[in-house]
Each structure stands twice: as structure tokens, then as C-alpha cells.
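# Notes for the structure review
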Amino acid sequence: MTVLIRPEGQTADDLKLSRRTLGALGGLLFSGYAVAALAKDAKPITTDAEGLSTETVTYAAPDGFQLPAYVARPAGDGPFPVVVVVSEIFGVHEYIRDICRRLAKQGYAAIAPAFFVRVEDPAPLSDMQRIMQIVAAANYEQVMGDLSATLEWASQQSWSKDGKVGITGYCWGGKVVWQAAARFAAIGAGVAWYGRLAPAADATPVQISSGQPWPVDIADDLKAPVLGLYGGKDQGIPLASVERMREALARAGQTGSQIVIYPDAQHGFHADYRASYSEADAKDGWSKLLATFDKALKN
């Protein structure tokens, strides 16, 4: 049974890590929903592991760090197409793990790397300032290195289908999807959920530099089609920046990539543990994700 972490804070009973995870990871990964964003009346989707194989693994990143990742796949030998799941700023918490299980139920091997735990796992924290510090420490080259290690590890698994890999991500992870599709030829398709596309209009030079490369600047480099899913009422991603991205894709001749806007959706509209959740838009976006990956990865 899924245990929701209380909005007022965690207790010892909320932190439930398996003995295997504790041994492998030193207790680094939080077992519940992100404390800083969990809505009081949240009723998140819970996906069981019946018919699945789920585990937390580690593998070496280019800097030598033993990178933890949650893996969910259909039980059996496979081979299964692989999808990398990139978290929001809250890391690999229960929502991200559930997404992996949802994908596994559809025949995919889903892998969610824990990009932030070199510094600290943000999931159990309620201090947004500290969370943003943790996220800022995961710079572009580190994240791309972690993704490279993830792709390499996946390619060595007997259950992994040879060929292209999919990638999807949410918020912070949505931006990473665009970046990864421009970096890795091994990626066959991406689905970016409300990832930032360009610097804010009032961004400082430091903020602009630290966020590079911005998706609007790398449309020419995309090696695979990306589906972008965005909310029309997203206060952090202006529609003007979404239109800039559409124009950049058109100039680059990236006809396989497209952006869908849900007019009434807010940022985080897929996150079923948050107040911003929009069930209808989330379901439609998920159906489009599955259609994208089925076309690119199952043929």
C-alpha cells in the first residue's frame, strides 16, 4: 500500500526503505511523495507491481559516483524497449517511481536516475530554498554524464531491446529531455512535460549562463523527435517562450517534433500528488506519450 507523506512533515514511520535499498544506497532515497509539493487532499494514482520486476540499482557515472536509479520493467526475459524517466526538482520520489511502473505495465523498461543525491535527496525536504540549491548543483555536464551512464548500463542488460531509447521528464526533467535529444544519438524519441525552453525575460546573465544550453538554442541539434506538453496557464513558462520554441523547430526543419498546449492547464498538470493536477489533460498527455513511444520504440 502506498503511504502518503503528511503535508505537515515526516515522521520516522514515513521513511520506509527496504533493507536492500539501505544496503546499496546508504538510505539516500526517500520512499514517499515529495514533502514540499504534496497537496493536503492529494489522491495520486498508485500502480502496483504485479507482473513487474522493480528494483533500485546503482552504476558508475563518469565522475565515479555510484548513481542510484529506480528500475521497473515487465517480469520476464524481454527484450523490452527502454524509457529513461527524468524527475522534477524533487528527485526520485513515489510519483516518479509510479510513472516507471505505469510505463512497465505498457511493456517498457523504465529507469529513473537520482541526479541530485550527490548533494542530498530533495524529496523529504520542505525548504524550497535548500531544494533549489541542491538542484542548481546538478549542472548540465553532470546530468548529461549521468544520462550517458544510464544509457550504457541499460544497453548491457539482457532484458534491454537493442536500438533506440525513449526519454521523458517533468518540469526540470522536461528541459533535460530537450537537451538529451540534442546530445545523444541513442535516443529515439522524447516527451517533455512543461520543461523550461528559454530564459525568463528578467533573467540575470548568471541565470542565463547557468541554464545553458536552452532548448530554443539547440533545435538544430535534435537527433530525435520530441513531443512537448505545456500548460496555457503555466506561470513559469510564458506562452511566448513556447512560441519561440515552435519557431525554432520550424526553422530547423524538425517536422517530427511538436508542441501541444493545454489551454487551461497549470505547471505540473500531470503531477497527481499536487494541487496543479489536471486529470483530463494529464490523461490526454499520457496517451500522446504512449503513442509517441510505441511508434518510435516498438517497431
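Computed from a prediction, not measured in an experiment: that's the story for all the values here.

Each value, and the rule that gives it
- Residue indices begin from 1 for each chain and proceed along its sequence in written order.
- For this predicted model, a pLDDT threshold of at least 70 governs which residues receive local features, and a threshold of 80 or more governs which side-chain atom pairs are given and counted, while totals over whole chains, interfaces and linings are taken from all residues.
- Working from all heavy atoms in the structure, the side-chain values ignore hydrogens and water.
- Just to be clear on terms, a salt bridge is a Lys or Arg side-chain nitrogen sitting within 4 Å of an Asp or Glu carboxyl oxygen.
- Runs of E in the DSSP output that reach at least two residues are strands. Runs of H or I that reach at least four are helices, and both are numbered from the N terminus.
- Only protein chains enter the calculation, and the probe is 1.4 Å; a residue is then buried if its accessible area is under 20% of its type maximum, exposed if over 50%, and partly exposed in between.
- In this scheme Phe, Tyr and Trp rings, the latter by its six-membered ring, pair at centre separations within 6.5 Å, and the angle between planes marks the pair as stacked below 30 degrees, edge-to-face above 60, and tilted otherwise.
- Here, a charge over a ring is recorded when the distance from Lys NZ or Arg CZ to the ring centre is within 6 Å and its angle to the ring normal is within 35 degrees.
- UniProt positions are given in the numbering used here, feature names are shortened, and annotations may be inferred rather than shown by experiment.
- As a rule, the C-alpha atoms of each element are fitted with a line to give its axis, helices using only the stretch in contact, and angles between N-to-C directions run from 0 to 180 degrees.
- Working rule for angles: under 35 degrees goes down as roughly parallel, over 145 as roughly antiparallel, 65 to 115 as roughly perpendicular, anything else as oblique.
- Any two residues whose heavy atoms approach within 4.5 Å at even a single point are treated as in contact.
- Residue polarity follows a fixed list, in which Ala, Val, Leu, Ile, Met, Phe, Trp, Tyr, Cys and Pro are nonpolar, Asp, Glu, Lys and Arg are charged, and the others, Gly among them, are polar.
- Two strands make a pair as long as DSSP finds a minimum of two bridges between them.

## Focus on the pattern of salt bridges
Counted according to the given criterion, the structure contains 16 salt bridges. Note that D98 is salt-bridged to R102, the shortest N-O span being 2.7 Å. Linking D98 with R102, this pair stays in helix α2 (residues 94-105), spanning four residues, or about one helical turn. By relative accessible area, which is 0% here, D98 ends up buried. The buried category is assigned to R102, whose relative accessible area is 11%. Bridged by salt links that share partners, the residues E94, R97, D98, R101, R102 and D272 form one connected network.

## Quick notes on the packing of aromatic side chains
Taken as a whole, this structure holds 14 aromatic pairs when the rule is applied. Members of the aromatic cluster, connected to one another through ring pairs, are Y33, Y95, Y170, W193, Y194, Y262, F269 and Y273. If you follow K175 out to its NZ or CZ, it ends over the ring of W214, 3.9 Å from the centre.

## Regarding the UniProt feature "domain: Dienelactone hydrolase" (unreviewed entry) in the protein
Under the UniProt annotation, "domain: Dienelactone hydrolase" (unreviewed entry) lies at residues 68-296. End C-alpha atoms of residues 68-296 are separated by 27 Å, and the span's content is 38% helix alongside 18% strand.

## Quick word on the packing of helix α4 (residues 140-155) against helix α5 (residues 172-183)
As a packed pair, α4 and α5 sit with axes 11 Å apart at the nearest point and diverge in direction by 70°. As far as their axial angle goes, α5 and α4 are roughly perpendicular. Between α4 and α5, the residues in contact are Y140, E141, V143, M144 and L147 and W172, V176, Q179, A180 and R183, respectively. Here the residues of the contact of α4 with α5 are counted per class, giving seven nonpolar, one polar and two charged.

## With respect to the sheet that holds strand β4 (residues 109-113)
Across the sheet, eight strands lie side by side as β1-β2-β4-β3-β5-β6-β7-β8; this open sheet has mixed pairing. Because the sheet does not close on itself, it has two edges, and the strands there are β1 (52-60) and β8 (258-262). The mean angle between the axes of side-by-side strands here comes to 20°, regardless of whether they run parallel or antiparallel. Pairing of strand β7 (residues 226-231) with β8 involves five bridges; the strand directions are parallel. Paired with L229 across the bridge in β8 is V260. Where α5 meets the sheet, it contacts β3 (82-86), β5 (165-170), β6 (187-193), β7 and β8, and its direction lies at approximately 150° from that of β5.

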